[in-house]
Amino acid sequence: MSTSLPLPSLESLKDQAKRLRAHLGREGEPITHSRALELIAVQHGFRDWNTLHARIGNRPPLNPWVLGSRVSGTYLGHPFEAEILSVSAFAGKPGHYRLTLKFDEAVDVVTFDSFSAFRRRINCTVDETGRSPARTSDGRPHVELAW
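Structural notes, computed from the coordinates.

**So, the pattern of salt bridges**
Two side chains with opposite charge may pair up if their charged atoms get near one another.
Line of reasoning, step 1. One pass over the full model with this rule turns up 5 salt bridges.
Line of reasoning, step 2. We note a salt bridge from Arg47 to Asp48, for which the minimum N-O separation is 3.9 Å.
Line of reasoning, step 3. Judged by relative accessible area, which is 21%, Asp48 ranks as partly exposed.

Set out below in structure tokens:
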């Protein structure tokens, strides 16, 4: 079935497929959108897109807005498990929340072999899907909560 990494949201998986299709097209190897979805499913340990879609569609709604809740996901592309230490809603941005997360294991946020910068606690903003509006240079959300 799936790997031990937390699954991103359905929207995030579709974004991954779009980026894969665009990249392969630029490399001279065009593929259909459905083929890109199938490849993303296999990358996440599923036999096909329908199986992955069913798995995500059958999970309960995201509700990490309670202090002490356990969440998992990715931070700057690195998997994590964490405890929610604080939650606050933005008055001017309905559906957006500021979270303070305490990672079980520190996450190295630097990709260089000769340098490390570990984070054990972060503040982040996420929307109702558990994704941050802030993105990395490759278009991935800084934080993607999975459940």
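Structure shown, so let's carry the discussion forward.
**Side note on unusual backbone geometry**
Line of reasoning, step 1. The backbone of Leu76 sits at a positive phi, close to 50°, despite the residue not being glycine.
Line of reasoning, step 2. Along the polypeptide, Leu76 turns up in the loop between β1 (70-75) and β2 (78-89).

**Describing the packing of helix α1 (residues 10-26) against helix α3 (residues 49-57)**
Line of reasoning, step 1. Interaxial distance between α1 and α3 falls to 10 Å at its minimum, and their mutual angle equals 155°. If you check the angle between α1 and α3, you find them roughly antiparallel. Seen from α1, the contacting residues are Leu10, Leu13 and Lys14; seen from α3, they are Trp49, Leu52, His53 and Ile56.
Line of reasoning, step 2. Of the residues contributing to the contact of α1 with α3, the split by class is 5 nonpolar, 1 polar and 1 charged.

**Let's talk about the sheet that holds β2**
Line of reasoning, step 1. Pairing within the open sheet is antiparallel, and its 5 strands lie in the order β4-β3-β2-β1-β5. The open sheet is flanked by β4 (118-126) and β5 (143-146), the only strands paired with a single partner. Sheet twist, expressed as the average angle between the axes of neighbouring strands with direction ignored, equals 40°.
Line of reasoning, step 2. Note: β1 against β5, 4 bridges, orientation antiparallel. Pairing of Gly73 across the sheet is with Leu145, part of β5.

Reading guide: rules and limits
- Residues numbered from 1 in each chain as written.
- Predicted model: local features only at pLDDT ≥ 70, side-chain atom pairs only at ≥ 80, totals over all residues.
- Heavy atoms only, no water.
- Salt bridge = Lys/Arg side-chain N within 4 Å of Asp/Glu carboxyl O.
- Buried < 20%, exposed > 50% of the residue type's maximum accessible area, 1.4 Å probe, protein only.
- Helix = DSSP H or I, 4+ residues; strand = E, 2+ residues; numbered from the N terminus.
- Axes fitted to C-alpha atoms, helices over the stretch in contact; angles between N-to-C directions.
- Parallel < 35°, antiparallel > 145°, perpendicular 65-115°, else oblique.
- Contact = heavy atoms within 4.5 Å.
- Nonpolar A, V, L, I, M, F, W, Y, C, P; charged D, E, K, R; others polar.
- Pairing = 2+ DSSP bridges.

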